[in-house]
Amino acid sequence: MTVKKLSPEELLGLNKFAVDEEEAHIVLDKTICAKCQEKPCLVVCPAVLYTLKDGDMNFDYAGCLECGTCRIVCKDKGIIKWTYPRGTFGVAFRCG
């Protein structure tokens, strides 16, 4: 039996995400994010869900691992809401 080592992208692809289209569990204040010089969320999110497009910070919560890393490194408090998703929504981790 051969065991294949999976890349982080392949491992993340095993997870199942139930997206709550009515109530986002993470909300950004883009005016605060625009003033942030360091933008650590772009590099610390393990699922790479933060992107910068035309100077605007964007977040795609479909795929969020709910780790809270972004909330911890956001020193300017640009993340104005961070909660766990409502019941039945969010990430369901699967074993490879």
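Up top you'll find the structure we're talking about.
Below is a summary of the structure that appears in this document. What you are looking at is a predicted structure, and each value in this text was computed from that prediction instead of being measured.

Here we come to the environment of K35. By the secondary structure assignment, K35 is in helix α2 (residues 30-35). On the basis of relative accessibility, which here comes to 67%, the residue K35 falls in the exposed class. Considering only alpha carbons, one finds K35 and G78, 43 residues apart in sequence, at a separation of 9.3 Å.

Our next topic: the side chain of K39. Structurally, the position occupied by K39 is in the loop between α2 and α3 (41-44). In this structure K39 is buried but unpaired, with D76 as the nearest side chain of opposite charge at 7.8 Å. There is a polar contact of 2.9 Å between the side chain of K39 and the backbone oxygen of C33. At 2.6 Å, the side chain of K39 and the backbone oxygen of C36 are in polar contact. Sequence-distant contacts of K39, defined by excluding residues within four places in its chain, comprise C33, A34, L52 and M57.

On to the state of the cysteines, then. By definition, a disulfide links the sulfur atoms of two cysteines through a covalent bond. Taken as a whole, this structure holds 0 disulfides when the rule is applied. Just so you know, C33 is unpaired, no disulfide at all, and the nearest cysteine sulfur is the one on C74, 6.0 Å from it. C45 supplies the cysteine sulfur nearest to C67, a cysteine that is in no disulfide, at a spacing of 6.3 Å.

Right, let's talk about the pairing of strand β4 (residues 56-59) for a bit. Residues M57 and F59 point to one face of β4 and are all buried, whereas D56 and N58, pointing to the other face, are not buried. Both strand β3 (residues 50-53) and β4 contribute to a ladder of 4 bridges, which runs antiparallel. If you follow L52 over to β4, its bridge partner there is M57. Linkage of β3 to β4, two consecutive antiparallel strands, is achieved through a turn of 2 residues, within which D54 is found at a positive phi near 55 degrees.

How each quantity is defined
Residues numbered from 1 in each chain as written. Predicted model: local features only at pLDDT ≥ 70, side-chain atom pairs only at ≥ 80, totals over all residues. Heavy atoms only, no water. Helix = DSSP H or I, 4+ residues; strand = E, 2+ residues; numbered from the N terminus. Buried < 20%, exposed > 50% of the residue type's maximum accessible area, 1.4 Å probe, protein only. Lys, Arg positive; Asp, Glu negative; His and termini not counted. Salt bridge = Lys/Arg side-chain N within 4 Å of Asp/Glu carboxyl O. Polar contact = N/O pair within 3.5 Å; in protein donor to acceptor, adjacent residues only side chain to side chain. Contact = heavy atoms within 4.5 Å. Disulfide = S-S within 2.5 Å. Pairing = 2+ DSSP bridges.

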